[in-house]
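# Fold and contact review
Okay, here's what each chain looks like letter by letter:
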Amino acid sequence: MSINLATKLREETAKAHTNAENSTFMKCFLKGIVNEEIFRKFTANLYFIYSALEEELQRHSNHPVVGKIYFPEINRKENLEKDLEYYYGENWKEQIAPTPECQTFVDRIHEVAASETPLLVAHAYVRYLGDLSGGQGLKTIAKSAMNLPEGKGTNFYQFDAFNSFEEIQAFKGKYRQALNSLPIDEATAQKITDEAVRVFDLNRNVMHGLEGFITSIVDPSVLAEINSQVIPGSTERPHPHAARMVAAAE
Ligand code: HEM
């Protein structure tokens, strides 16, 4: 029997996902509390993360495990470059640097790629399935909160490989099938899942590192109110296609 890694990942990272949703950064973002100064720093950090991730995925694209979840059509690096050019101007590269939390994340990507290559699956899963899920809603919020011109500054959330929500959902199904078809044993599936929990934390730390900038644009009492609210986790509910996901793995 094959391992239903897609369901395992979703279930065992559900708490970590809820924590990420409940970070001050995300809760403020969801309420439209964000400005270009904060958002461009966030985008710059994402650039360093995806540069590392996509460099390693490409390098290991013939690996028997990693190769199965490598879909270059969803690569984000080039889109992030467009956004950074919009926010920082032509010489954007000279103006950006990873925060310490971002550097820790980047180091971890290179470390697993070199020493435990199948764990790259966890890094790809957390980022890409996240971008294709909640990330799609964040695009709308970013556009209206910062009053961005059409097509500017949110290329990161834009997937040209898909023309509709349905196509994105279909791709997520394909991605989950690929996760379920990996030639791995139970022990490796567990390691990938544990790494995915860690990746959520690495992401959360990056957001946490940017929270200082938010306090400069929002009243402390408003921030305290936001922090006291708890968002119910999006992935703690059963997946709408749970039955199909199990069937696909059998
Ligand atoms: C406030 C921010 C967020 C919201 C509103 C949100 C919302 C969602 C929703 C609704 C889903 C379910 C999609 C589906 O069942 O098809 C989802 C899935 C997912 N999200 Fe988030 N999310 C947020 C933040 C994040 C963050 C920060 C990450 C990681 C960096 C992340 C990673 C994921 C992943 C990996 C999945 C796929 C879970 C699975 O089905 O295996 N999300 N998100």
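As the structure is a computational prediction, the values presented were derived from the model and not from experiment.

## Comments concerning the coordination of the iron atom of the ligand
Within the protein, a single donor atom binds the iron atom of the ligand, namely H17 (NE2) at 2.1 Å. Within the element layout of this structure, H17 appears in helix α2 (residues 14–21).

## Some thoughts on the side chain of R76
You can see R76 is positioned in the loop between α4 (36–59) and α5 (77–88). One buried charge, R76, has no salt-bridge partner; the nearest side chain with opposite charge is D131, at 5.4 Å. The contacts of R76, once residues within four sequence positions are left out, are Y50, E54, Y128, D131, N155, F156, Y157, Q158 and F159.

## Observations regarding α5
Taking 1.5 Å of rise per residue, the twelve residues of α5 would be expected to cover 16 Å, and the 16 Å separating its terminal C-alpha atoms lies within 8% of that figure. Within α5 the residues assigned to the buried category are N79, L80, D83, L84, Y87 and Y88. All buried residues of α5 project into a common sector of 145° when viewed along the axis, lining one side. Once α5 ends, the next one or two residues include G89, with phi positive near 95°.

## Description of unusual backbone geometry
For N147, which is not glycine, the phi dihedral falls at a positive 50°. Here N147 lies in the loop between α9 (134–146) and α10 (165–180).

## A look at the pattern of salt bridges
Scanning all chains against the criterion turns up eleven salt bridges. Where R59 meets E55, a salt bridge forms, and the shortest distance between an N and an O atom there is 2.7 Å. Remark: E55 and R59 occur in helix α4; sequence separation between them is four residues, near one turn of the helix. Assessed through its relative accessible area of 39%, E55 is described here as partly exposed. A salt bridge links E150 to K143, with the shortest nitrogen-to-oxygen separation between them at 3.3 Å. Several salt bridges share partner residues, and in doing so they unite E37, R40 and K41 into one network.

## Regarding the site of the ligand
Taken together, 21 residues lie near the ligand, and R10, H17, Y125, K172 and R176 sit nearest. Taking R10, its side chain carries an N or O atom lying 2.6 Å from an oxygen atom of the ligand. Measuring from an oxygen atom of the ligand, one finds a side-chain N or O atom of Y125 at 2.5 Å. Among the cavities detected, the one that contains the ligand is the largest pocket. Here the element with the most residues in the shell around the ligand is helix α8 (residues 120–131); it accounts for five residues. Here the shell around the ligand is built from residues that sort into eight nonpolar, eight polar and five charged.

## Let's talk about the packing of α4 against α5
Viewed as axis vectors pointing N to C, α4 and α5 meet at an angle of 150°, and their least axial separation amounts to 9 Å. Here α5 runs roughly antiparallel to α4, going by the angle between their axes. Like other packed secondary-structure pairs, α4 and α5 cross with a definite hand, here left-handed. Listed contacts from α5 to E36, F39, R40, K41, T43, A44, L46, Y47, Y50, S51 and E54 of α4 are K77, L80, E81, D83, L84, Y86, Y87 and Y88. Along the lines of polarity and charge, the residues of the contact of α4 with α5 split into ten nonpolar, two polar and seven charged.

## Considering the packing of aromatic side chains
Following the criterion strictly, the structure yields 16 aromatic pairs and no others. Both rings, one in Y86 and one in Y87, keep their centres 5.0 Å apart while their planes meet at 70°; by these two values the pair is edge-to-face. Among the residues examined, Y86 registers a relative accessible area of 31% and is labelled partly exposed. Ring centres of F162 and F171 lie 5.0 Å apart, and the angle between their planes is 45°; this geometry places the pair in the tilted category. Residue class for F171 comes out buried when judged on its relative accessible area of 4%. Every member of this aromatic cluster is reached through a ring pair, and the members are F25, F29, F39, F42, Y86 and Y87. In this structure, R76 packs its charged tip against the face of F159, placed 3.6 Å from the ring centre.

Analysis parameters
Residues numbered from 1 in each chain as written. Predicted model: local features only at pLDDT ≥ 70, side-chain atom pairs only at ≥ 80, totals over all residues. Heavy atoms only, no water. Donors = N, O, S within 2.8 Å, 3.2 Å for Na, K, Ca; no water. Helix = DSSP H or I, 4+ residues; strand = E, 2+ residues; numbered from the N terminus. Buried < 20%, exposed > 50% of the residue type's maximum accessible area, 1.4 Å probe, protein only. Lys, Arg positive; Asp, Glu negative; His and termini not counted. Salt bridge = Lys/Arg side-chain N within 4 Å of Asp/Glu carboxyl O. Contact = heavy atoms within 4.5 Å. Expected span 1.5 Å × (residues − 1). Arc of directions from axis to C-beta. Near = heavy atom within 4 Å. Polar contact = N/O pair within 3.5 Å; in protein donor to acceptor, adjacent residues only side chain to side chain. 1 Å grid on protein atoms, 1.4 Å probe; cavity = no way out; pocket = protein on both sides within 12 Å on 5 of 7 lines; lining within 4 Å. Sits in = over half its atoms within 2 Å of the grid points. Nonpolar A, V, L, I, M, F, W, Y, C, P; charged D, E, K, R; others polar. Axes fitted to C-alpha atoms, helices over the stretch in contact; angles between N-to-C directions. Parallel < 35°, antiparallel > 145°, perpendicular 65-115°, else oblique. Left-handed = near helix turned anticlockwise from the far one by under 90°. Phe/Tyr/Trp six-rings, centres within 6.5 Å; stacked < 30°, edge-to-face > 60°. Lys NZ or Arg CZ within 6 Å of the ring centre and 35° of its normal.

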